[in-house]
Each structure stands twice: as structure tokens, then as C-alpha cells.
Amino acid sequence: MSSVSTYGGGSTNIGANITTANGAITLNDAVTLTNNSTLDTGSGTINLANTVDGAFTLTLNSSGNTNLNAAIGSTTPLASLTTNSGGTTYLLSNIATNNGNITFNDSVSLTGNSTVDAGTATLSFNNTVDGAFTLTLNSSGSTNLNAAIGSTTPLASLTTNSGGTTYLLSNIATNNGNITFNDSVSLTRNSTVYAGTATLSFNNTVDGAVTLTLNSAGSTNLNAAIGSTTPLASLTTNSDCTT
């Protein structure tokens, strides 16, 4: 199949896999999953221009662009969502699963303010995340930030909810926007967290045998124990701030 397109204004029910030979899949109408499904376009583009709902797994495979232009799981949360590596996912809206894993293996570019909610399951960003918008990460399980956040285009802000653990493997930067960790943080590699002139808050414990550098010309709030379980290798705050 060379490509697949639907027009807007209706609803498409998907209960199986769709594959093209490097051709685009463009779904302009609302999508309801009726079974576990994989959309595979090779190097082609995946365009989900409207809402996607359904209590099933959705896997999106494209080494090109994957455009998520409307809410995913807002009415009926998905069982899980996975993107493959090798391309870029453009995220415009919110994503929710019913306690199912959300895994981005490709880079993520934020094109709108977004909340990603995995319930009690695992939320993983295995590649870079960029974009001048707010990002809220909700998981009472594990949140894995396995690559740089905001290194090319700093985020507007970053917030994690309470109740789980964020595993921080790389650096985070916002463009003078607040960074708030409400859950515990486990450092898995040397990390710098940069909030510009905004507020940087750790509202739960921070552990890990690596270095942590905190850069904010505003306030840096360390509201729970640092290194009580696994002592840090070092901790540094920048000048021109209040801790």
C-alpha cells in the first residue's frame, strides 16, 4: 500500500495493523481503537490530526515524522502507546493511558502545551525532548528521562506529579520557566538542571552517586532530603540565586 488517508468529519475504527511502503498515513477524522494496532509507514509520515481513543495498545512506527495533533486517550485512555526510534514525534496535545506504559523511543518536539499521563505505569522518554511549551509528566510509577530535555529548544516549564520516581539521566533546560519535581528523583548520570530566572523545586527526595548542578537565578527549593539513601557525588548551585 502506497499511502492511507481519511477525510475529517467522521470516525475511523481501527482493529488491526496498517502498513505502507514508506507512504504517509493521514487520519483526519477521529480514531477509535477496537483492537491492538500498529501503524507502520517506514520512512513516511504518520499524521493523527484528530482525537484517538480506545482501551488498546497503539504502536507508531515511522523513521520520519509522527504528528500527534490532538488529544490521545482523553475520552477512553489507551492501554499503552509506543513510538519507534529513528524519527521525530511532534506532540501538540495531551496523552493518557489507563495505567499503561507510554514510551517515546524517537525524539519529541513539543508543538503545544502537553500533559502525558501514564497512571501507575512507566513513562519513558528515550530520546531528546525540545519545544518552547509546558510539559507535565504524570506517573505514580517510574518516569524515565533518558536523554536531554530542552537542549536545542528549552521548554517553557517542566512538572512531574507526586507519587512515583523520576530517573534522570541527562540535562534539563527551560527558557526561564519553572522546573518542579513533585516525585522523588533518582540520578542515573551527571545532570545539570537549568531554569534561567525561574524557580527550581525538588519537593521530594533526591538520590544517586553522581553529580548534580542546579542553575537558577531565581529560587532553588530543596524541600526534602538530598542523598539520604544514596549520597550524591557532588552538588553545586550557581551564583545569583537563593537556595
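For the structure, check the block above.
Every chain is numbered on its own, with residues counted from 1 as its sequence reads. Where local features are concerned, this predicted model is filtered to residues with pLDDT of at least 70; where side-chain atom pairs are given and counted, the filter is 80 or more; whole-chain, interface and lining totals use all residues. As a rule here, side-chain values cover all heavy atoms of the structure and leave hydrogens and water aside.

The subject of this paragraph is the overall build of the protein chain. In this description a helix means any DSSP run of H or I spanning at least four residues, a strand means any run of E spanning at least two, and both kinds are numbered starting from the N terminus. Along the protein chain, the regular secondary structure elements total zero helices and 31 strands. Computed over the C-alpha atoms, the radius of gyration of the protein chain is 19 Å, within 12% of the 18 Å expected from 2.2 N^0.38 for a compact globule of 243 residues. Along the first, second and third principal axes, the C-alpha set of the protein chain runs to 55 × 30 × 25 Å. A buried classification covers 49% of the 243 residues belonging to the protein chain. Here, residues are in contact when the closest pair of their heavy atoms is within 4.5 Å. Counting only contacts in the protein chain whose residues sit at least 6 apart along the sequence, the fraction spanning at least 24 positions is 9%. To be clear on the numbers: accessible area is Shrake-Rupley with a 1.4 Å probe, and residue cover counts the displayed protein chains and nothing else. For the protein chain, the accessible area works out to roughly 9,400 Å², and carbon and sulfur atoms hold 43% of it. With the radius of gyration taken over C-alpha atoms, the globule rule is written as 2.2 Å times the number of residues to the power 0.38. The classification of residues rests on relative accessible area computed with a 1.4 Å probe and restricted to protein chains. Under 20% of the type maximum is buried, over 50% is exposed, and intermediate values are partly exposed.

Turning our eyes to something else, we now look at the sheet that holds strand S22 (residues 165-168). A pair of strands is treated as paired once DSSP finds two or more bridges between them. Sheet architecture is open: ten strands sit in the order S3-S6-S9-S11-S14-S17-S20-S22-S25-S28, paired in parallel fashion. Looking at which strands have only one partner, the edges of the open sheet turn out to be strand S3 (18-19) and strand S28 (206-207). Two strands pair when backbone bridges link them, and strand S9 (residues 57-61) and strand S11 (residues 80-83) are joined in this way by four bridges, in the parallel orientation. Paired with threonine 57 across the strands is serine 80, a residue of S11.

Looking now at the packing of aromatic side chains. Any pair of Phe, Tyr and Trp rings, taking the six-membered ring for Trp, is counted once the centres come within 6.5 Å. Such a pair is stacked with planes under 30 degrees apart, edge-to-face with planes over 60 apart, and tilted for the rest. With the rule as written, the count across this model stands at two aromatic pairs. Seen from their ring centres, phenylalanine 104 and phenylalanine 125 are 5.1 Å apart, and the 15° between their planes marks the pair as stacked. Of this pair, phenylalanine 104 sits in strand S14 (residues 102-104) while phenylalanine 125 sits in strand S17 (residues 123-125), and the two are 21 residues apart along the sequence. For phenylalanine 104, a relative accessible area of 0% gives the class buried. Residue phenylalanine 125 is classed as buried on the basis of its relative accessible area, which comes to 1%. With a centroid separation of 5.1 Å and 20° between ring planes, the pair formed by phenylalanine 181 and phenylalanine 202 is classed as stacked. Of this pair, phenylalanine 181 sits in strand S24 (residues 179-181) while phenylalanine 202 is found in strand S27 (residues 200-202), placing the two residues 21 residues apart along the sequence.

Pairing is parallel across the open sheet formed by four strands, whose spatial order is S23-S26-S29-S31. Bordering the open sheet on either side are strand S23 (172-173) and strand S31 (234-237), each of which pairs with just one other strand. Note that S23 and strand S26 (residues 191-194) share two bridges and pair parallel. Bridge pairing in S26 places alanine 173 opposite tyrosine 194.

A few words on unusual backbone geometry. In most cases, non-glycine residues show a negative phi, while peptide bonds are predominantly trans. Within the chain, asparagine 22 stands out as a residue other than glycine whose phi angle is a positive 65°. On the secondary structure map, asparagine 22 appears in the loop between S3 and strand S4 (25-27).

Here we take up the pairing of strand S20 (residues 142-145). Here three bridges tie S17 to S20, and the two strands are oriented parallel to one another. Looking at the pairing, phenylalanine 125 lines up with leucine 145 of S20. As paired strands, S20 and S22 are joined by four bridges and run parallel to one another. From the neighbouring strand, leucine 145 faces S22, where its bridge partner is leucine 168.

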